[in-house]
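Tertiary structure, described
Residues per chain, in single letters:
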Amino acid sequence: MSTDERDAPSSGRFEGREHVLPVRIYYEDTDFTGVVYHANYLRFFERGRSDALRAAGVSHTALLEGDRPTAFTIVRMEIDFRRPARIDDALEVRTLYEQIRGPRLFIRQHIRRGEETICEAVVEAACIDLLGRPTRPSQLLLTKLAPLFS
């Protein structure tokens, strides 16, 4: 392992088809009561989706630099807040890419503290080109994500 690899931040791990990303709650994530501010869960979910792609071998940079530059936009997100997370909590963002239909990706996510579910999300993302138009996923994306849909 090179020094660069040892110093690189973790992009989590897969447990079967589900990606697990450890997240620590810092002071900056909380409101004045020490509870995680609700909008920060969106950031944790985004990190989970991005790091799941990275761990599967797909980087946002590679998608943008491909033959058909591709990015993502979130078109729908449904969130259920179950329990509050607090400063210093060690959480796991769990991400499951469920399916791809046309340009759309369907993803389920939840954040846990131990066995306790803190927050859950159902996400619909769309692949878009550089002009913001829906486009089919690149072959790179389809190939790398294929094992996650088995």
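Quantities reported herein were computed from a predicted structural model and do not represent experimental measurements. (Residues numbered from 1 in each chain as written. Predicted model: local features only at pLDDT ≥ 70, side-chain atom pairs only at ≥ 80, totals over all residues. Heavy atoms only, no water.)

So, on to the overall build of the protein. The number of helices and strands found in the protein is 4 helices and 6 strands. Along the protein, helices and strands appear, N-terminal first, in the series α-β-β-α-α-β-β-β-β-α. On the principal axes, the C-alpha backbone points of the protein span a range of 50 × 40 × 30 Å. Counting every position in the protein, which comprises 150 residues, the buried fraction comes to 37%. The long-range fraction of contacts in the protein, counting pairs at least 24 apart against all pairs at least 6 apart in sequence, stands at 65%. Carbon and sulfur atoms form 51% of the exposed surface of the protein, whose accessible area is close to 8,700 Å². Side-chain charges of the protein comprise 22 positive and 23 negative groups, with the mean position of each set lying 5 Å from the other. (Helix = DSSP H or I, 4+ residues; strand = E, 2+ residues; numbered from the N terminus. Buried < 20%, exposed > 50% of the residue type's maximum accessible area, 1.4 Å probe, protein only. Contact = heavy atoms within 4.5 Å. Areas by Shrake-Rupley, 256 points an atom, 1.4 Å probe, with all protein chains shown as cover. Lys, Arg positive; Asp, Glu negative; His and termini not counted. Charge placed at Lys NZ, Arg CZ, Asp CG, Glu CD.)

Position of Pro134 relative to the elements: it lies in the loop between β6 (116–128) and α4 (139–145). Once the C-alpha coordinates of Pro134 and Ala71 are considered, the two residues, 63 residues apart in sequence, prove to be 9.6 Å apart.

Positioned with a positive phi, Asp88 is a non-glycine residue whose angle comes to about 75°. Tracing the sequence through the fold places Asp88 in the loop between β3 (71–81) and β4 (90–101).

What follows is about helix α2 (residues 40–56). Across its 17 residues, α2 extends 24 Å between first and last C-alpha, which sits within 8% of the 24 Å expected from 1.5 Å per residue. In the stretch just after α2, Gly57 is the one whose phi turns positive, near 100°. (Expected span 1.5 Å × (residues − 1).)

The biggest cluster of nonpolar side chains holds 28 residues, and the ones touching the most others in it are Tyr41, Phe44, Tyr97, Ile111 and Leu145. Among the elements of the structure, β2 (18–24), α2, β4, β5 (104–113), β6 and α4 are those that each provide at least two residues to this core. Once residues lying within four places of it in the same chain are set aside, the contact partners of Ile111 are Tyr41, Phe44, Phe45, Leu91, Glu92, Val93, Glu116, Thr117, Ile118 and Cys119. (Core = buried A, V, L, I, M, F, W, Y, C linked by side-chain atoms within 4.5 Å.)

We now examine the side chain of Asp89. Within the fold, Asp89 resides in the loop between β3 and β4. By relative accessible area, which is 14% here, Asp89 ends up buried. Polar contacts involving the side chain of Asp89 include one to the side chain of Arg113, which spans 2.6 Å. In this view, Asp89 contacts Val23, Arg24, Ile25 and Arg113; residues no more than four positions away in its chain are not counted. (Polar contact = N/O pair within 3.5 Å; in protein donor to acceptor, adjacent residues only side chain to side chain.)

On to the sheet that holds β2. A sheet is described by the order of its strands in space; here 6 strands give the open sequence β1-β2-β4-β5-β6-β3, paired in antiparallel fashion. Edge positions in the sheet fall to β1 (13–15) and β3, since each has one partner strand and no second. In this sheet, adjacent strand axes meet at a mean angle of 30° when their direction is disregarded. Where β4 meets β5, 9 bridges bridge the pair, whose relative direction is antiparallel. Each residue of the ladder has a partner; that of Leu96, found in β5, is Arg108. (Pairing = 2+ DSSP bridges. Axes fitted to C-alpha atoms, helices over the stretch in contact; angles between N-to-C directions.)

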